Amino acid sequence: MRNALQRLRRHLRQGTLGDVLLSRAGIMPLHARVRWHGAGDIGQAARALAKWARILCAQDGEGAWVLSVGDGGDYHRQLNLRLRRHGVRHEAIGLEQIEAWTPGPDGKPAAVLCAYPDSRRLTRAARTVAAHPAFAGVPFEYAAGLDPERRLFAARDEYADTFFVSPVLLDDPTPYALYEESLKHFEQKCGLRDFLDLYQLLRTVVENDVPGDIAEFGSYRGHSGWLIAQTLQALGSRKHLYLFDTFENFPAENLGLDYFWSRTHAVDFAEVQRKFEGLRERVSLVKGDFTRTLTESGLGTVALAYVDCDSYRATRFLIEQLLPERLSPRGVLVCEDYGHPALLGNRAAVHDSLDGQRGYLRYFSQFSGLYVVVKY
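Procedures and definitions
Residues numbered from 1 in each chain as written. Predicted model: local features only at pLDDT ≥ 70, side-chain atom pairs only at ≥ 80, totals over all residues. Heavy atoms only, no water. Helix = DSSP H or I, 4+ residues; strand = E, 2+ residues; numbered from the N terminus. Rg over C-alpha atoms; globule rule 2.2 N^0.38 Å. Buried < 20%, exposed > 50% of the residue type's maximum accessible area, 1.4 Å probe, protein only. Areas by Shrake-Rupley, 256 points an atom, 1.4 Å probe, with all protein chains shown as cover. Lys, Arg positive; Asp, Glu negative; His and termini not counted. Charge placed at Lys NZ, Arg CZ, Asp CG, Glu CD. Salt bridge = Lys/Arg side-chain N within 4 Å of Asp/Glu carboxyl O. Pairing = 2+ DSSP bridges. Axes fitted to C-alpha atoms, helices over the stretch in contact; angles between N-to-C directions. Contact = heavy atoms within 4.5 Å. Patch = residues over 30% accessible without salt bridge, like charges linked within 9 Å, V, L, I, M, F, W, Y side chains within 5 Å. Polar contact = N/O pair within 3.5 Å; in protein donor to acceptor, adjacent residues only side chain to side chain. Parallel < 35°, antiparallel > 145°, perpendicular 65-115°, else oblique. Left-handed = near helix turned anticlockwise from the far one by under 90°. Nonpolar A, V, L, I, M, F, W, Y, C, P; charged D, E, K, R; others polar. Phe/Tyr/Trp six-rings, centres within 6.5 Å; stacked < 30°, edge-to-face > 60°. Lys NZ or Arg CZ within 6 Å of the ring centre and 35° of its normal.

**A closer look at the overall build of the chain**
No. 1: On a plain count of helices and strands, the chain comes out with 15 helices and eleven strands.
No. 2: The C-alpha atoms of the chain give a radius of gyration of 22 Å, which matches the 21 Å a tight globule of 376 residues would have.
No. 3: Dimensions of the chain, computed from C-alpha atoms along their principal axes, come out at roughly 65 × 50 × 45 Å.
No. 4: Out of the 376 residues in the chain, the part that is buried amounts to 52%.
No. 5: Per element, the accessible surface of the chain, about 18,700 Å² overall, is 50% carbon and sulfur.
No. 6: Separation of charge centres in the chain, based on 46 positive and 46 negative side chains, amounts to 7 Å.

In structure tokens:
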């Protein structure tokens, strides 16, 4: 009874009691929906960020406050007004002030709330915060989907109600057949759009005899890894596949861009092993944090690396480890997470690692959200 009362008081203090009831009814609360899927308008975005501020301040304890970053425009004003209404202490600053910001007497904020509606300034703010030691461990919250180009795309997309005839339909088996077979063994975790783009990239490196093996980083419960293995088999390739994952849960993430991932996504490694029993000659499951297991895995030259690890830390590590030395000329590195609204850490890492570099073809697929890098 006492524990139940304590939980009730905590939810009342954080303003999350209604969210708990919605979650139990199978409905995602607004602040969670905006984090994962983006916001429909600036009012919705401001409400979501204000809710995160209340939750994170309540977790941080007495005296907690937040840093509100924006340009003083309508979105930023709405956010600051909501923070005041809810009694959330905050300091409002602009993008140019982030780099020079230093903690005052109140110490670090409980969160950084970024109220820029455009991806350009939002990404710049995220990269600055990620590199700033004063913000180590400070949650970074934002709302994607507010770019005016999103509405422009929806209004001008002449193919929204049609389809294209794909060359993959000429293959036997088609990737559609492989995908349907995969769903007999796995819950749907690798999206069909992702696989259709990935399938064509795999076929390209196989048909062009690009030297090296295939590696996936962030395999979770094995759905995409199984699809890669079956694709290689269908293409008659003898390339070996390395699947890197902790195969336990998501590692602890100290960077504020990715704090919400920590200790999530539990995996039963024994179950994954069982599902790959018939593929052991062509697939290696490399268990552990790949920032430590990569050098001891036996992986040499890489023809294609599929990076599905979500976070800034892991993405930047892999780009900087794989591209210069391990990835073959004409080899391909794929960042699966770039286009996902919630995965700003991945996007920031891509640009911190690659912007200004020469020698790579870089392409974003508007079909799947994959970011593709081909080494010349």
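From this point on, the discussion continues.
**With respect to the pattern of salt bridges**
No. 1: Here the structure, examined in full by the defined rule, presents 16 salt bridges.
No. 2: Each of the salt bridges in this network shares a partner with another, and the network as a whole consists of Arg127, Arg316, Glu320, Asp352, Asp355 and Arg362.

**Concerning the sheet that holds strand β8 (residues 302-307)**
No. 1: Spatial strand order, β7-β6-β5-β8-β9-β11-β10: seven strands in an open sheet with mixed pairing. Two strands bound the open sheet, and with one partner strand each, they are β7 (283-287) and β10 (360-364). Here the average twist between neighbouring strands, direction ignored, is 15°.
No. 2: The sheet contact formed by strand β6 (residues 241-245) and β7 spans five bridges and is parallel. Following the sheet pairing, leucine 241 is matched in β7 by valine 283.
No. 3: Lying on the sheet, helix α14 (residues 312-326) is in contact with β5 (213-217), β8, β9 (327-335), β10 and β11 (371-375); it crosses β9 at an angle near 165°.
No. 4: With respect to the sheet, helix α15 (residues 344-354) is in contact with β9, β10 and β11, its orientation differing from that of β11 by roughly 25°.

**Topic: a nonpolar patch on the surface**
No. 1: There is a patch of nonpolar side chains on the surface, built from Phe163, Val165, Leu169, Tyr176 and Leu192 and spanning about 530 Å² of accessible area.
No. 2: Here phenylalanine 163 shows up in the loop between α8 (148-156) and α9 (175-182).
No. 3: Its relative accessible area of 66% is what places phenylalanine 163 among the exposed residues.

**With respect to the side chain of serine 297**
No. 1: The topology assignment puts serine 297 in the loop between α13 (290-293) and β8.
No. 2: Within the structure, the side chain of serine 297 is placed 2.8 Å from the backbone oxygen of leucine 294, a separation counted as a polar contact.
No. 3: At a separation of 3.2 Å, a polar atom in the side chain of serine 297 contacts the main-chain amide nitrogen of leucine 299.

**Examining the packing of helix α4 (residues 42-60) against helix α5 (residues 74-85)**
No. 1: Between α4 and α5, whose axes approach to 9 Å, the crossing angle comes to 40°. By the angle class used here, α4 and α5 are oblique. α4 and α5 meet at a crossing whose hand is right-handed. Contact with α4, carried on its side by Ile42, Gly43, Ala45, Ala46, Arg47, Leu49, Ala50 and Ala53, involves Asp74, Tyr75, Gln78, Leu79, Arg82 and Leu83 of α5 and no other residues of that element.

**Some details on the environment of alanine 50**
No. 1: Positionally, alanine 50 belongs in helix α4.
No. 2: Sequence-distant contacts of alanine 50, defined by excluding residues within four places in its chain, comprise Leu79, Arg82, Leu83 and His86.

**Let's talk about the pairing of β10**
No. 1: Note: β10 against β11, five bridges, orientation antiparallel. Note that in β11 the partner of leucine 361 across the bridge is valine 374.
No. 2: Connecting the antiparallel pair β10 and β11 is a turn made up of six residues, with glycine 369 showing a positive phi of about 85°.

**Focus: the packing of α9 against helix α10 (residues 192-207)**
No. 1: The contact between α9 and α10 brings their axes to 10 Å, and the two run at 135°. Comparing the axis directions of α9 and α10 gives the class oblique. Crossing of α9 over α10 shows right-handed handedness. On α10, the residues that touch Pro175, Tyr176, Leu178 and Tyr179 of α9 are Leu192, Phe195, Leu196 and Tyr199.
No. 2: Residues belonging to the contact of α9 with α10 are distributed by class as follows: eight nonpolar, no polar and no charged.

**Details of the packing of aromatic side chains**
No. 1: Under the definition given, this model contains 19 aromatic pairs.
No. 2: For the pair tyrosine 259 and phenylalanine 260, a centre-to-centre distance of 6.0 Å together with 85° between the ring planes defines the contact as edge-to-face. Here tyrosine 259 matches phenylalanine 260 in class, with each residue buried.
No. 3: An aromatic cluster is defined as three or more aromatic residues linked by ring pairs; in this entry it consists of Trp36, Phe250, Tyr259, Phe260 and Trp261.
No. 4: Lying over the aromatic face of phenylalanine 186, lysine 275 brings its terminal NZ or CZ to 4.7 Å of the ring centre.

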